[in-house]
Amino acid sequence: MRLVYFVIGFASLGLGVIGVFLPLLPTTPFLLLSIACFSRSSERFENWLRHTRLYETYVADFRETGSIARERKKKVIVSIYILMGISILLVPVIWVKLALLALTIFITYYLFKVIPDK
């Protein structure tokens, strides 16, 4: 079972890294999955991931305190609005535009109403 967790940890880490550059993939959930899998499979890789800049930037505050600093939330939401706005403008299918708009509204709600400020 440790091997399964290890493989899932690396796969989700890879998707998280891709998510830094590709706005459609969410970085933070994949990094949370990676750290959870590494904690069950390899203490060495769990410690390594905890000390990376990627982890500290995207996950550390949320995982350790259960909250995100308001300034960080603002930066996140601005980038989401820019990228989702571009996506909505470029997509030719109306139902996809509506789905992206609904996703943007949900992310905004979740970020500012569900996740507490630090």
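Computed from a prediction, not measured in an experiment: that's the story for all the values here.

K.L.:
I'd like to hear about the layout of surface pockets, residue by residue, with values.
P.N.:
Volume-wise, the largest pocket comes out at about 1,100 Å³. Looking at the largest pocket, it is lined by 34 residues, and the ones nearest its centre are Pro 26, Thr 27, Thr 28, Val 76 and Ile 80. Among the secondary structure elements, those contributing two or more residues to the lining of the largest pocket are helix 1 (2-21), helix 2 (27-41), helix 4 (53-58), helix 5 (60-65), helix 6 (70-90) and helix 7 (94-114). Examining the composition of the lining of the largest pocket, we find that seven residues originate from one element, helix 6, more than from any other.

K.L.:
Can you tell me about the nonpolar core, naming the residues and giving the values?
P.N.:
Grouped burial of nonpolar side chains is what soluble globular proteins tend to show. Counting residues in each nonpolar core, the largest one holds eight residues, listed as Leu 13, Leu 31, Ile 35, Phe 38, Leu 49, Tyr 55, Val 59 and Ala 60. Ranked by residues supplied to this core, first place goes to helix 2 with three residues. Among all residues touching Leu 31, those that are not within four sequence positions of it are Leu 13, Leu 49, Leu 54, Tyr 58 and Val 59.

K.L.:
Please set out the domain arrangement of the protein residue by residue, giving values where relevant.
P.N.:
Parsing the protein into structural domains produces domain 1 (1-66) and domain 2 (68-117). The gap between the C-alpha centroids of domain 1 and domain 2 is 22 Å. In this assembly, domain 1 packs against domain 2 so that about 500 Å² is buried in total across both faces, 67% of it on carbon and sulfur atoms. Applying the counting criterion to the domain 1 and domain 2 interface returns zero salt bridges. On the surface where domain 1 and domain 2 come into contact, there are zero residue pairs in polar contact (both at pLDDT 80 or more). Taken together, the residues that form the side of domain 1 that touches domain 2 break down as three nonpolar, two polar and no charged.

K.L.:
For the packing of aromatic side chains, give the residues involved together with the corresponding values.
P.N.:
One pair of aromatic rings is described through two measures. These are the centre distance and the angle between the planes. Per the counting criterion, the structure on display carries eight aromatic pairs. Note on Phe 6 and Phe 38: the rings are 6.0 Å apart at their centroids and 55 degrees apart in plane angle, and the pair reads as tilted. Separated by 32 residues along the polypeptide, Phe 6 in helix 1 and Phe 38 in helix 2 bring together distant segments of the chain. Look at Phe 38 and Phe 45: their rings are 5.8 Å apart centre to centre, the planes differ by 35 degrees, and that puts the pair in the tilted class. Here the aromatic cluster, defined as three or more aromatic residues joined through ring pairs, consists of Phe 6, Phe 10, Phe 38, Phe 45 and Trp 48. Seen from the ring of Tyr 5, Arg 40 lies directly overhead, with NZ or CZ sitting 5.9 Å from the centre. The ring of Phe 45 is capped by Arg 44, whose NZ or CZ atom sits 5.3 Å from the centre of that ring.

K.L.:
Residues and numbers for helix 6, please.
P.N.:
Here helix 6 is 21 residues long and its end C-alpha atoms lie 30 Å apart, about the 30 Å a rise of 1.5 Å per residue gives. For helix 6, the elements touching its buried residues are helix 7.

K.L.:
I'd like a description of the pattern of salt bridges, backed by residues and values.
P.N.:
Should their charged atoms come close, side chains of opposite charge can pair. Applying the stated rule across the entire model yields three salt bridges. Close ionic contact of Glu 46 with Arg 50 constitutes a salt bridge, the shortest N to O distance being 3.0 Å. Of the two residues, Glu 46 and Arg 50 both sit in helix 3 (residues 43-50), four residues apart, roughly one turn of that helix. On the accessibility criterion, Arg 50 (27% relative accessible area) is partly exposed.

Cut-off values and rules
Residues numbered from 1 in each chain as written. Predicted model: local features only at pLDDT ≥ 70, side-chain atom pairs only at ≥ 80, totals over all residues. Heavy atoms only, no water. 1 Å grid on protein atoms, 1.4 Å probe; cavity = no way out; pocket = protein on both sides within 12 Å on 5 of 7 lines; lining within 4 Å. Points joined across faces, edges and corners; volume = space filled by probe spheres on them. Helix = DSSP H or I, 4+ residues; strand = E, 2+ residues; numbered from the N terminus. Core = buried A, V, L, I, M, F, W, Y, C linked by side-chain atoms within 4.5 Å. Buried < 20%, exposed > 50% of the residue type's maximum accessible area, 1.4 Å probe, protein only. Contact = heavy atoms within 4.5 Å. Domains from an automatic or database assignment. Buried area = accessible area lost by both parts, 1.4 Å probe. Salt bridge = Lys/Arg side-chain N within 4 Å of Asp/Glu carboxyl O. Polar contact = N/O pair within 3.5 Å; in protein donor to acceptor, adjacent residues only side chain to side chain. Nonpolar A, V, L, I, M, F, W, Y, C, P; charged D, E, K, R; others polar. Phe/Tyr/Trp six-rings, centres within 6.5 Å; stacked < 30°, edge-to-face > 60°. Lys NZ or Arg CZ within 6 Å of the ring centre and 35° of its normal. Expected span 1.5 Å × (residues − 1).

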